[in-house]
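Examination of the molecular architecture
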Amino acid sequence: MADQQRLKNLQPLMDQESLPPSYVRTVEQTIVPLAEHIHGVARAKKRPVLIGIHGAQGTGKSTLTLFLKEILDDVFDCRTASFSLDDIYLTRAEREHLAETVHPLLVTRGVPGTHDIALGQKVIDQLMKAGASDHTPVPTFDKSMDDRSPRALWPEFEGRPDVVLVEGWCVAANPAKDAAELAAPVNSLEREEDLQGIWRQYVDDCLKGAYQAFFDQLDSLIMLQAPSMDCVLEWRTLQEHKLAQRQGGAPTGGNSPGPLRIMTDDQVARFIMHYERITRRCLAELPSRADVVIEVAEDHSLGLPRFRKAEGDVS
């Protein structure tokens, strides 16, 4: 069981994330049981374990990961490293090259094919094999500049972790079942800007290849389950409104290069369309594959974790 006194030390993290006092209950009822599950997986495997955290935009997976890392480290004495798929996006120049040689939509970061999976694998391999005094650099991505941060700014993890958390919106996503699934556009972006299906076929091909091998390494998969695609759009729009307030009405610019780009509501809607096909697929089929499912309510509150009991059953 978690040490209650140690849990009280989470207040600075709650303040940092601007979370209400009620979040303490979420920590106790949702996040601590998750940490216990992960700790149990690590003890059973008797080696560093890789834990995937899946959640559509706005589900709170980054916040969940922060608290899991803190609780695993401080409460369970379980050394934990973490990074996001967002941290291993291809550089702006690499995505511009894909836009020129494959399809213009690939300049927009996010979908499979716009990550440096080889870099992510290198990080995991180094962490899993690290000695006590080794330092593993963990990449970061500067979204304000839409480019990877300079190597000198990457944090380093010292030693070998017991747990590595990897979070992202498409973690553990499966490719399409067949070509027919890709044929019909799911939104106006695909219909108007990917008329021949070149972009969505490229994304799917990437998902079939290096991404599947990357996801197959997961020792356990946690899913934050959004209520619907409509909620994902609403949450992502709200995130942009809050960012605009913090930046004091900074210039707009969507996914173009340059600092402090704030998207309009229409730009957010178009941006989310890049993710829609795979997000809908994950909402439909990932709950049956996840080891733990946490339902996210429309008000962003997290439900109790449902743990897999048997094949095809999470309860």
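Residues numbered from 1 in each chain as written. Predicted model: local features only at pLDDT ≥ 70, side-chain atom pairs only at ≥ 80, totals over all residues. Heavy atoms only, no water.

**Regarding the pairing of strand S8 (residues 220-225)**
Quick note on the threshold: Summary of the burial criterion: residues with accessible area below 20% of their type's maximum are buried, those above 50% are exposed, and those between are partly exposed, where the area comes from a 1.4 Å probe applied to protein chains only. Helix and strand definitions follow DSSP, with helices as H or I runs of at least four residues and strands as E runs of at least two, each counted in order from the N terminus. Strand pairing follows a simple DSSP-based rule, namely that at least 2 bridges must link the two strands.
In terms of burial, S8 is largely enclosed, as six of its six residues are buried. Alternating positions in S8 separate into two faces, Ser220, Ile222 and Leu224 on one and Leu221, Met223 and Gln225 on the other, with burial throughout. Sheet topology places strand S1 (residues 49-55) next to S8; five bridges connect them, and they run parallel. The residue of S8 that forms the bridge with Gly52 is Leu221. The pairing of S8 with strand S9 (residues 292-295) spans four bridges and is parallel.

**Considerations on the confidence of the model for the protein chain**
Note the cut-off: Residue-level confidence of the predictor is summarised by pLDDT, bounded by 0 at the bottom and 100 at the top. Working rule for contacts: check all heavy atoms of both residues, and any pair within 4.5 Å makes them a contact.
Per-chain confidence: the protein chain averages 91 in pLDDT, with 91% of residues scoring 70 or above. Overall, residues 250-259 carries pLDDT values under 50, and its contacts beyond four positions in sequence, including any with other chains, amount to 28 contacts.

**Points about unusual backbone geometry**
The phi dihedral of Ser18 falls on the positive side, at around 55°, and the residue is not glycine. With respect to the helices, strands and loops of the structure, Ser18 is situated in the loop between helix H2 (11-16) and helix H3 (23-45).

**Notes on the nonpolar core**
In a soluble, globular protein the nonpolar side chains are often hidden away together inside. Rules: Buried Ala, Val, Leu, Ile, Met, Phe, Trp, Tyr and Cys residues that are joined via side-chain atoms within 4.5 Å together make up what is termed a nonpolar core.
By size, the foremost hydrophobic cluster in this structure holds 86 residues, and its most contacted members are Leu68, Ile71, Phe83 and Val163. It is H3 that contributes the most residues to this core, nine residues altogether. Ignoring sequence-local partners within four residues, the contact set of Leu68 consists of Ile31, Leu34, Ala35, Ile38, Ile53 and Leu165.

**A few points about the packing of aromatic side chains**
Filter applied, for reference: Any two rings among Phe, Tyr and Trp, with Trp reduced to its six-membered ring, count as a pair given centres within 6.5 Å; such a pair is stacked if its planes are under 30 degrees apart, edge-to-face if over 60, and tilted if neither.
Within the structure shown, the criterion is met by six aromatic pairs. With a centroid separation of 4.7 Å and 75° between ring planes, the pair formed by Trp169 and Tyr275 is classed as edge-to-face. A residue pair is termed long-range when its members are at least 10 positions apart, and Trp169 in the loop between strand S7 (163-168) and helix H7 (179-183) and Tyr275 in helix H11 (residues 265-285) qualify at 106 residues. In this pair, the class of Trp169 matches that of Tyr275, namely buried. By way of ring pairs, the aromatic residues Trp169, Phe271 and Tyr275 are connected into one cluster.

**Considering a negative patch on the surface**
Basically, it comes down to this: Residues with no salt bridge and a relative accessible area higher than 30% make up the patches, which join like charges within 9 Å and nonpolar side chains (Val, Leu, Ile, Met, Phe, Trp, Tyr) within 5 Å. Note on areas: these come from Shrake-Rupley sampling with a 1.4 Å probe, and a residue is covered only by the protein chains present in the view. Here, a salt bridge means any side-chain nitrogen of Lys or Arg that lies within 4 Å of a carboxyl oxygen of Asp or Glu. Only four residue types enter the charge count: Lys and Arg as positive, Asp and Glu as negative, with His and the chain ends excluded. Lysine's charge is taken at NZ, arginine's at CZ, aspartate's at CG and glutamate's at CD.
A grouping of Asp230, Glu234, Glu298 and Asp299 is seen on the molecular surface, where their side chains present a negatively charged patch. In this fold, Asp230 is placed in helix H10 (residues 229-246). Judged by its relative accessible area of 60%, Asp230 is exposed.

**Some words on the environment of Met128**
Position of Met128 relative to the elements: it lies in helix H6 (residues 117-129). Met128 sits in the partly exposed class, given a relative accessible area of 21%. Residues Met128 and Leu50 lie 78 residues apart in sequence; the distance between their C-alpha atoms is 9.1 Å. Sequence-distant contacts of Met128, defined by excluding residues within four places in its chain, comprise Pro48, Val49, Leu50, Arg160 and Val164.

**Considering the packing of H3 against helix H4 (residues 61-74)**
Threshold: Where helices are involved, their axes are fitted lines through C-alpha atoms of the stretch in contact, as for all axes, and angles between N-to-C directions lie from 0 to 180°. Here the angle decides the label: under 35 degrees means roughly parallel, over 145 means roughly antiparallel, 65 to 115 means roughly perpendicular, and every other value means oblique. Handedness of a crossing follows from how the near helix is turned relative to the far one, being left-handed for an anticlockwise turn of less than a right angle and right-handed for a clockwise one. In this classification, the charged set is Asp, Glu, Lys and Arg, the nonpolar set is Ala, Val, Leu, Ile, Met, Phe, Trp, Tyr, Cys and Pro, and all remaining amino acids, among them Gly, are polar.
Their axes nearest at 9 Å, the elements H3 and H4 cross at an angle of 65°. Looking at the two axes, H3 sits roughly perpendicular to H4. Handedness of the crossing formed by H3 with H4: right-handed. Of the residues in H4, those in contact with Tyr23, Val27, Ile31, Val32, Leu34, Ala35, Ile38 and His39 of H3 are Thr63, Leu64, Phe67, Leu68, Ile71 and Leu72. Partitioning the contact of H3 with H4 into residue classes produces 12 nonpolar, two polar and no charged.

**Structural notes on the environment of Trp169**
Here is the rule we go by: We call two N or O atoms a polar contact when they sit within 3.5 Å, provided that within protein one can donate a hydrogen and the other can accept it, with sequence-adjacent residues counted only if both atoms are side-chain atoms.
Here Trp169 falls in the buried class, since its relative accessible area comes to 4%. Along the primary structure Trp169 and Arg281 are separated by 112 residues, whereas in three dimensions their C-alpha atoms are 12 Å apart. Residues within four places of Trp169 in sequence aside, it is in contact with His54, Gly55, Ala56, Gln57, Lys61, Gly110, Val111, Pro112, Tyr275, Ile278 and Thr279. Among the polar contacts listed, one links the side chain of Trp169 to the backbone oxygen of Gly110, at a separation of 2.8 Å.

**Here's the deal with helix H9 (residues 198-215)**
Condition: In a helix, the anticipated span is given by 1.5 Å times the number of residues less one. At any given residue, the bend is defined as the angle formed between two axes, one fitted to the seven residues that end at that position and one fitted to the seven that begin there.
With 18 residues, H9 should reach 26 Å at 1.5 Å per residue; the first-to-last C-alpha distance of 24 Å fits that figure. Considering bend angle alone, the principal kink of H9 is centred on Lys208 and spans about 40°. Where the residues of H9 are buried, they touch strand S2 (80-84), H6, S7, H7, helix H8 (188-193) and H11.

**Considering the packing of H10 against H11**
Two elements in contact, H10 and H11, have axes whose closest approach is 9 Å; the angle formed by their N-to-C orientations is 140°. The handedness of the crossing between H10 and H11 comes out as right-handed. In contact with Met229, Val232, Leu233, Arg236, Thr237, Glu240 and His241 of H10, H11 contributes Asp265, Val268, Ala269, Phe271, Ile272, Glu276, Thr279, Arg280 and Leu283.

**Some thoughts on the pairing of S1**
Burial within S1 is extensive, with seven of its seven residues counted as buried. Burial of S1 is two-sided: the residues Val49, Ile51, Ile53 and Gly55 facing one way and the residues Leu50, Gly52 and His54 facing the other way are all buried. Two elements, S1 and S7, share six bridges in a ladder whose sense is parallel. Counterpart to Val49 in the pairing with S7 is Val163.

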